[in-house]
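# Residue-level structure breakdown
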Amino acid sequence: MKINPVYVLMLIGLLVLVPIARKIQQRPTAFYGIAENQDIDLSLEYAVMVKRILVKEGEAVKSGQLLMVLERTNIPFLRASLIQEKKQLSAEREEILTKSRNRRQELDQAQTTAVFELENQLTQLTAEQAQNDRLVQGLESINTNSSFTTSETPEIAALRAEQATVAQPYVLQKSNLQKETQAELNSLTARLEKIDLELAELEREFQTLELKSPIDGVIGKVNFVPGEQPSSRETLLNIYRLHPDQVTTYIPEGQLTSLELGDTLIVRSVQDQEYVISGQIIGLGNKIRELPIRMRRDPTVQAWGREVLLKIPVDNLLMQGERVLIEQIIE
């Protein structure tokens, strides 16, 4: 059987074209992104005066490095006021304790006196009754046919009944005194604790007057000079990272894919095509937006896409604001 060479060539062509077509289908979809972090604005929640500035614009700094020395002029006054108030409250506490102690002593003395007077009356009446009983017994002994019996008088019986309850009013007053004193002390203790918290907060605020860098980065704009007095929440200076750790990109509207949080994309430097790192998706926009000009393939042509935020390694070599190429292989 003779084989037609044309069919053989067609078969060979198909075998060659299939891998090429498959490769074309798997080619990366690429779109631009910007590797950049927002500047960190450093400010305080209260007005201060700038005493010293230890850095200059464009200077690289380390995390924890001292940047500015500031002064909050009202801190000494506030601290002195709180300390004076604390002394007054401590004096009130001692006064309450002294009054309570004196009142307790008065009640103890009154209780002792009441019990002592009652016991004296009871002793006196008992002695008088005993003497009367002896006289009556002597008279009765003359009459041999009579029998002698003794019994307490109503006065003595009443005193013995009173003896069992004489201390109760004083015990009740001392109990009430203790409760009232404790309530006053609890109120003072709460106020003293509040003052201690305010003093601790003042100390914390005083420590923040040494403005330190929160990150390794580069000083951007310094907004004040020594002697000036920034108001509360006014930006003293800003700082940015030397290398970005985030990339913002847009998936063009015609290349939308089923991306999810945690997916990994390729980040390639436009300046150095050989420099490639990975980026993990940490944010997905929920709207289609117009692409910024720098992220368009043709700046003159409008384009739309879905915003995507990537996290990249902090030890990268990219510059802040550098344009990068984002790639994804579609299976």
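Coordinates for the structure precede this section.
Every residue gets a number counted from 1 within its own chain, in the order that chain's sequence is written. In keeping with the predicted nature of the model, local features appear solely for residues at pLDDT of at least 70, side-chain atom pairs appear and are counted solely at 80 or more, and the whole-chain, interface and lining totals rest on all residues. Excluded from the side-chain calculations are hydrogens and water; all other atoms, namely the structure's heavy atoms, are used.

## Digging into the overall build of the chain
- When helices and strands are counted, the chain shows 4 helices and 13 strands.
- Taking all 331 residues of the chain together, the buried fraction comes to 28%.
- Taking contacts inside the chain between residues at least 6 apart in sequence as the whole, the part at least 24 apart equals 76%. Strands here mean DSSP runs of E at least two residues long; helices mean DSSP runs of H or I at least four residues long; both are numbered from the N terminus. The buried label goes to any residue with under 20% of its type's maximum accessible area, the exposed label to any with over 50%, and the partly exposed label to all in between, with areas taken from a 1.4 Å probe on protein chains only. Contacts are assigned to residue pairs with any non-hydrogen atoms lying within 4.5 Å of each other.

## Quick word on the environment of His 243
- Mapped onto the elements, His 243 comes out in the loop between β8 (237–240) and β9 (246–252).
- With relative accessibility at 28%, the residue His 243 sits in the partly exposed group.
- Sequence separation between His 243 and Met 319 is 76 residues; the distance between their C-alpha atoms is 5.4 Å.
- When residues no more than four places from it in sequence are discounted, the contact partners of His 243 are Asn 37, Val 314, Asn 316, Leu 317, Leu 318 and Gln 320.
- We define a polar contact as two N or O atoms separated by no more than 3.5 Å, with the added condition that, inside protein, one atom must be a possible hydrogen donor and the other a possible acceptor, whereas residues neighbouring each other in sequence contribute only through side-chain atom pairs. Separated by 2.7 Å, the side chain of His 243 and the backbone oxygen of Leu 318 make a polar contact.

## Quick word on the environment of Lys 99
- Within the secondary structure layout, Lys 99 lies in helix α2 (residues 75–142).
- The sequence separation of Lys 99 and Thr 181 amounts to 82 residues, and the corresponding C-alpha distance is 9.1 Å.

## What to know about the sheet that holds strand β2 (residues 40–42)
- Pairing between two strands is assigned when DSSP locates at least 2 bridges connecting them. One open sheet holds the 4 strands; their spatial order is β2-β8-β7-β4, and the pairing between them is antiparallel. Every other strand in the sheet has two partners, leaving β2 and β4 (60–61) as the edge strands with one partner each.
- As paired elements, β4 and strand β7 (residues 217–222) share 2 bridges and run antiparallel to each other. Note on β7: the bridge partner recorded for Ala 60 is Val 218.

## Concerning the nonpolar core
- Side-chain atoms within 4.5 Å link the members of a nonpolar core, which is a set of buried Ala, Val, Leu, Ile, Met, Phe, Trp, Tyr and Cys residues. In this structure, Leu 70, Ile 219 and Leu 237 are the most contacted members of the largest nonpolar core, which totals 28 residues.
- Sorting the residues of this core by element identifies β5 (66–71), α2, α4 (168–207), β7 and β8 as the ones contributing at least two each.
- Among the elements that take part in this core, α4 stands out by supplying 5 residues, more than any other.
- In this structure Leu 237 touches Ile 40, Asp 41, Leu 42, Val 55, Leu 67, Met 68, Ile 219, Lys 221, Val 222 and Asn 223, once residues within four positions along its chain are discounted.

## Side note on the pattern of salt bridges
- A pairing counts as a salt bridge when a side-chain nitrogen of Lys or Arg comes within 4 Å of a carboxyl oxygen of Asp or Glu. Applying the stated criterion across every chain yields a total of 13 salt bridges.
- Two residues, Glu 71 and Lys 51, come together in a salt bridge whose shortest N-O distance is 3.8 Å. With Glu 71 in strand β5 and Lys 51 in strand β3 (residues 49–53), the pair connects residues that are 20 residues apart, well separated along the chain.
- On the basis of relative accessibility, which here comes to 28%, the residue Glu 71 falls in the partly exposed class.
- According to the relative accessible area criterion, Lys 51 is partly exposed, its value standing at 44%.

## Points about the side chain of Ser 100
- When you line up the elements, Ser 100 lands in helix α2.
- Ser 100 sits in the buried class, given a relative accessible area of 15%.
- Within polar-contact distance, the side chain of Ser 100 engages the side chain of Thr 181 at 3.0 Å.
- The contacts of Ser 100, once residues within four sequence positions are left out, are Leu 177 and Thr 181.

## Observations concerning the sheet that holds β5
- If you trace the 3 strands from one edge of the open sheet to the other, you get β3-β5-β6, paired in antiparallel fashion. Sheet topology places β3 and β6 (210–212) at the edges, where each strand pairs with a single neighbour. Adjacent strand axes in the sheet meet at a mean angle of 30° when their direction is disregarded. Structural elements are reduced to axes, namely lines fitted to C-alpha atoms, with helices fitted over the stretch in contact, and the angle between N-to-C directions of any two is expressed from 0 to 180 degrees.

## Looking at the pairing of β8
- Here β2 runs beside β8; their pairing, made up of 3 bridges, is antiparallel. By the bridge assignment for β8, Leu 42 is matched with Leu 237.
- Bridging between β7 and β8 involves 3 bridges; their strand directions are antiparallel. Bridging from a neighbouring strand, Val 218 pairs with Tyr 240 of β8.

## Regarding the packing of aromatic side chains
- Paired rings are identified among Phe, Tyr and Trp, the last through its six-membered ring, by centres lying within 6.5 Å, and are further divided according to the angle between planes into stacked (under 30 degrees), edge-to-face (over 60) and tilted (the rest). A full pass over the atoms with the stated rule returns 0 aromatic pairs.
- Think of it as a cone above the ring: NZ of Lys or CZ of Arg counts as a charge over the ring if it is within 6 Å of the ring centre and within 35 degrees of the ring normal. Over the ring of Tyr 46 we find Arg 72; its NZ or CZ atom is 4.1 Å from the centre of that ring.
- The ring of Tyr 32 carries the charged tip of Arg 323 above its face, separated from the ring centre by 4.0 Å.

Read these as geometric descriptors, not functional statements.
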